[in-house]
Amino acid sequence: MNTNDILLAVLVLIGAPIIGCIASGIDRKITARLQGRVGPPLLQPYYDVKKLLSKDNMVVNPSQNFYVVVYLVFIVLSLLMLVFKQDFLMIIFVYTVASIALIVGGMSTGSPYARIGSSREIMAILSYEPVLILYALAIYLLTGTFKLSAVVDASSPLLVYTPLIFIAMIVVLNIKLKKSPFDYSTSHHGHQELVKGMTTEYGGPGFATIEIAHFYEYVFLTGLIFLFWASNPIIGVLLGIIAYLLIIVIDNITARVYWQWMLKLSWSVLLIISIVNIAFLYVSGVQLA
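Residues numbered from 1 in each chain as written. Predicted model: local features only at pLDDT ≥ 70, side-chain atom pairs only at ≥ 80, totals over all residues. Heavy atoms only, no water.

## Concerning the nonpolar core
Point 1. Core analysis: the largest hydrophobic core is formed by 82 residues, its most contacted members being Phe 88, Tyr 135, Met 169, Leu 224 and Phe 228.
Point 2. Take this core: its biggest share by element is 12 residues, from helix α8 (residues 204-226).
Point 3. Setting aside chain neighbours within four positions, we find Tyr 135 in contact with Phe 88, Leu 158, Ile 165, Met 169, Leu 224, Leu 227 and Phe 228. (Core = buried A, V, L, I, M, F, W, Y, C linked by side-chain atoms within 4.5 Å. Buried < 20%, exposed > 50% of the residue type's maximum accessible area, 1.4 Å probe, protein only. Helix = DSSP H or I, 4+ residues; strand = E, 2+ residues; numbered from the N terminus. Contact = heavy atoms within 4.5 Å.)

Here is the structure:
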């Protein structure tokens with residue numbers, strides 16, 4: 001690792017939570033405006049985290065702290081691997097470990113609310129993981145490798161050859177950001193509900209750590225959308241922003257559905273259109289120029 005790589009890593013570690021915090025604030029502002037309210041300040045997520053860090057760390061058992069740290073570390077690691085254009089399959093694996101750490105942390109509390117939220121997060125993983133694998137397979141078919149450097153260095157955008165997988169990834173983004181109609185595991189609209197799913201038994205610095213990890217996760221997930229037009233960074237960033245804003249609008253115009261609907265949608269529509277896209281790539285033999 002040379003000096004430029006170290007500087008880039010430091011920039012990501014400092015800049016990503018700032019961008020994620022602002023993105024979370026924009027989410028709250030747009031949501032408030034769509035509901036006819038003024039809404040909180042743009043930096044309200046930062047104020048919330050600052051306040052949480054000043055409180056006592058109330059946990060049901062000490063292992064919760066360990067799982068939260070694992071969650072944060074693996075989210076940050078997956079983002080760094082994405083930025084450094086590493087193997088996409090390995091990135092998916094690292095990202096999945098982060099999700100599992102949060103699930104185990106919720107399960108360890110013994111709270112029925114946390115356990116229900118954790119079990120629903122498992123259903124979410126089962127829903128979106130096959131789509132992520134097919135996304136990786138599409139990259140392999142187009143470049144001959146799972147390394148993201150081949151996608152970023154290409155002159156043609158990935159989206160031209162993978163429009164159906166892109167549509168599936170928009171839904172995956174919705175599920176991973178825990179937005180309606182798929183906000184099952186942590187009750188996204190927590191201010192309207194008494195419990196927060198698998199994070200119910202977290203408070204103080206522990207919950208602040210989860211929020212900071214979410215800031216990194218915002219950047220990571222929009223980065224997955226960025227890859228569809230990584231050949232032109234400006235268009236790629238715009239694509240990520242548009243996808244994020246679209247998710248916010250969908251969040252505000254849809255109601256939560258049964259978790260079974262999420263599985264049905266993922267294992268039927270999303271999986272089928274992704275497989276159709278993969279079949280086209282395999283039969284046509286096109287390569288990313």
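## Overview of the packing of helix α2 (residues 44-53) against α8
Point 1. Where α2 meets α8, the closest approach of the two axes is 7 Å, and the angle between their N-to-C directions is 150 degrees. If you check the angle between α2 and α8, you find them roughly antiparallel. With respect to the hand of their crossing, α2 and α8 are arranged in left-handed fashion. On α8, the residues touching Pro 45, Val 49, Leu 52 and Leu 53 of α2 are Gly 204, Pro 205, Phe 207, Ala 208, Glu 211, Ile 212 and Phe 215. (Axes fitted to C-alpha atoms, helices over the stretch in contact; angles between N-to-C directions. Parallel < 35°, antiparallel > 145°, perpendicular 65-115°, else oblique. Left-handed = near helix turned anticlockwise from the far one by under 90°.)

## Some details on the UniProt feature "transmembrane region" (unreviewed entry) in the protein chain
Point 1. Listed under "transmembrane region" (unreviewed entry) in the UniProt record, and renumbered for this structure, are residues 6-26, 65-84, 90-110, 122-142, 154-175, 234-253 and 265-283.
Point 2. Annotated as 100% helix and 0% strand, the span residues 122-142 places its first and last C-alpha atoms 31 Å apart.
Point 3. From the first C-alpha to the last, residues 265-283 spans 26 Å; its make-up is 100% helix and 0% strand. (UniProt positions renumbered as here; feature names shortened; annotations may be inferred.)

## Let's talk about the packing of aromatic side chains
Point 1. Evaluated as defined, the whole model comprises 8 aromatic pairs.
Point 2. Taken together, a centroid distance of 4.8 Å and an interplanar angle of 10 degrees make the contact between Tyr 135 and Phe 228 stacked. Placement of Tyr 135 in helix α5 (residues 112-143) and of Phe 228 in the loop between α8 and α9 (233-253) is noted, with a sequence separation of 93 residues between them.
Point 3. Residues Tyr 140 and Phe 146 carry aromatic rings whose centres are separated by 4.9 Å and whose planes lie at 25 degrees to one another, so their mutual orientation is stacked.
Point 4. Judged by relative accessible area, Tyr 140 falls into the partly exposed class, the value being 37%.
Point 5. Seen from the ring of Trp 261, Lys 264 lies directly overhead, with NZ or CZ sitting 5.6 Å from the centre. (Phe/Tyr/Trp six-rings, centres within 6.5 Å; stacked < 30°, edge-to-face > 60°. Lys NZ or Arg CZ within 6 Å of the ring centre and 35° of its normal.)

## Structural notes on unusual backbone geometry
Point 1. The omega angle of the peptide bond from Ser 180 to Pro 181 is 10 degrees, so this bond is cis rather than trans.
Point 2. Inspection of the secondary structure assignment puts Pro 181 in the loop between α7 (163-176) and α8.
Point 3. Positive phi values are uncommon outside glycine, yet Lys 85 reaches one of about 55 degrees.
Point 4. Looking at where Lys 85 falls in the secondary structure, it is placed in the loop between α3 (63-83) and α4 (88-108).
Point 5. On the basis of relative accessible area, Lys 85 is assigned to the partly exposed category, the value being 29%.
Point 6. You will see that Lys 178, though not glycine, has its phi angle at about 60 degrees, which is positive.
Point 7. Structurally, Lys 178 can be placed in the loop between α7 and α8.

## Some words on the pattern of salt bridges
Point 1. Taken as a whole and assessed by the stated rule, the structure comprises 5 salt bridges.
Point 2. Here Arg 28 ties to Asp 48 by a salt bridge, and the two come within 2.8 Å at their closest N and O atoms. In this pair, Arg 28 is assigned in helix α1 (residues 3-34) and Asp 48 in helix α2, connecting sequence segments 20 residues apart.
Point 3. The partly exposed category is assigned to Arg 28, whose relative accessible area is 29%.
Point 4. Of the charged contacts, one joins Lys 176 and Glu 121 as a salt bridge, the two residues approaching to 3.5 Å between their closest N and O atoms. Of this pair, Lys 176 sits in helix α7 while Glu 121 is found in helix α5, placing the two residues 55 residues apart along the sequence. As far as the burial class goes, Lys 176 and Glu 121 line up, both buried.
Point 5. Residues joined by salt bridges that share partners form a network here, namely Glu 121, Lys 176, Lys 178 and Glu 217. (Salt bridge = Lys/Arg side-chain N within 4 Å of Asp/Glu carboxyl O.)

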